[in-house]
Amino acid sequence: EDQVTQSPEALRLQEGESSSLNCSYTVSGLRGLFWYRQDPGKGPEFLFTLYSAGEEKEKERLKATLTKKESFLHITAPKPEDSATYLCAVLRYGGSQGNLIFGKGTKLSVKP
Amino acid sequence: DSGVTQTPKHLITATGQRVTLRCSPRSGDLSVYWYQQSLDQGLQFLIHYYNGEERAKGNILERFSAQQFPDLHSELNLSSLELGDSALYFCASSLSGTVNEQFFGPGTRLTVL
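Residues numbered from 1 in each chain as written. Chains lettered and ligands numbered in written order. Predicted model: local features only at pLDDT ≥ 70, side-chain atom pairs only at ≥ 80, totals over all residues. Heavy atoms only, no water.

### Regarding the sheet that holds strand β8 (residues 70-75) of chain A
Residue and element names in this part refer to chain A.
Step number 1: The sheet built from five strands is open, its strands ordered β1-β3-β8-β7-β6 with antiparallel pairing. Each having just a single partner strand, β1 (3-7) and β6 (56-59) make up the two edges of the open sheet. Between one strand axis and the next, the sheet turns by 15° as a mean value, whatever way the strands run.
Step number 2: For strand β3 (residues 19-26) and β8, the ladder comprises six bridges, and the chain directions are antiparallel. (Pairing = 2+ DSSP bridges. Helix = DSSP H or I, 4+ residues; strand = E, 2+ residues; numbered from the N terminus. Axes fitted to C-alpha atoms, helices over the stretch in contact; angles between N-to-C directions.)

### Remarks on the nonpolar core
Step number 1: In this structure, Y25, L33, W35, L73 and Y86 of chain A are the most contacted members of the largest nonpolar core, which totals 24 residues.
Step number 2: Per-element accounting of this core gives the leading share, four residues, to strand β9 (residues 84-92) of chain A.
Step number 3: Counting 21 residues, the second largest nonpolar core, distinct from the first, contains V19, I60, A87 and V112 of chain B. (Core = buried A, V, L, I, M, F, W, Y, C linked by side-chain atoms within 4.5 Å. Buried < 20%, exposed > 50% of the residue type's maximum accessible area, 1.4 Å probe, protein only.)

### Some details on the interface of chain B and chain A
It is common to give the size of an interface as the accessible area that goes away when the parts come together.
Step number 1: At the junction of the two partners, chain B supplies 23 residues and chain A supplies 20 residues.
Step number 2: Interface area for chain B against chain A, summed over the two sides, is near 1700 Å², with a carbon-plus-sulfur share of 56%.
Step number 3: Across the contact surface, chain B and chain A share three residue pairs in polar contact (both at pLDDT 80 or more).
Step number 4: Secondary structure elements with two or more residues in the side of chain B that touches chain A: β4 (31-38), β5 (42-50), β6 (53-57) and β10 (103-104) of chain B.
Step number 5: Per-class residue counts for the side of chain B that touches chain A are ten nonpolar, eight polar and five charged. (Contact = heavy atoms within 4.5 Å. Buried area = accessible area lost by both parts, 1.4 Å probe. Polar contact = N/O pair within 3.5 Å; in protein donor to acceptor, adjacent residues only side chain to side chain. Nonpolar A, V, L, I, M, F, W, Y, C, P; charged D, E, K, R; others polar.)

### Brief notes about the side chain of N22 of chain A
Residue and element names in this part refer to chain A.
Step number 1: Relative to the helices and strands, N22 is located in strand β3.
Step number 2: Relative accessible area serves as the criterion here: at 13%, N22 is assigned to the buried category.
Step number 3: At 2.9 Å, the side chain of N22 and the side chain of E70 are in polar contact.
Step number 4: Every residue in contact with N22, bar those within four places of it in the chain, is listed here: T5, Q6, S7, W35, E70, S71 and F72.

### Remarks on the environment of A66 of chain B
Residue and element names in this part refer to chain B.
Step number 1: You can see A66 is positioned in strand β7 (residues 64-68).
Step number 2: Separated by 38 residues in sequence, A66 and F104 have C-alpha atoms that sit 17 Å apart.
Step number 3: Residue contacts for A66: discarding those within four places in its chain leaves W34, I47, Y49, E75 and L76.

Written as structure tokens, this is what we have:
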């Protein structure tokens, strides 16, 4: 069964304390892996798409990487405004078109 | 602002009732997706439309239905509502229906009393 697991469920950091969020997946063929940021009561905001193992993408303090079994979202020197829930989703070959399978997210809190 | 709009923002109704949620995709996007987000289940894919045609169904109940109109806006109809249907309902859009990024709207919070 296709599955996306994110860890940890919650992460508390001090401002400037770098860390990583993990997304492990088991799918029958990965077409793409997506990272989203979601603020409370709002819609997910697109961050990155990764297509193949070894690929990396960066945006400000965030860097996403992909291996054959997992993806990491590295947060360098986070600020309080980075506090949000980060969602990982996968799109697989052979699945319903556009059917993203989401993990349950990592809730990040950054204290000043 | 993703460019995807959803109305209404909040909806409070009673069990057994029927409601309609509306979504307008980003300009130029042909695909519309509906998702349900509850505290214990996370984001669950419901249904996907591409240029007016249904392309995929996920965990959508038979009491729920959707359609995409010629102007590409979409409506999600929820009927015979139950307490467990209370959730955030998100619409997302993308350029096509394959590997393109999906951009999400602000959601409709449905409360069934």
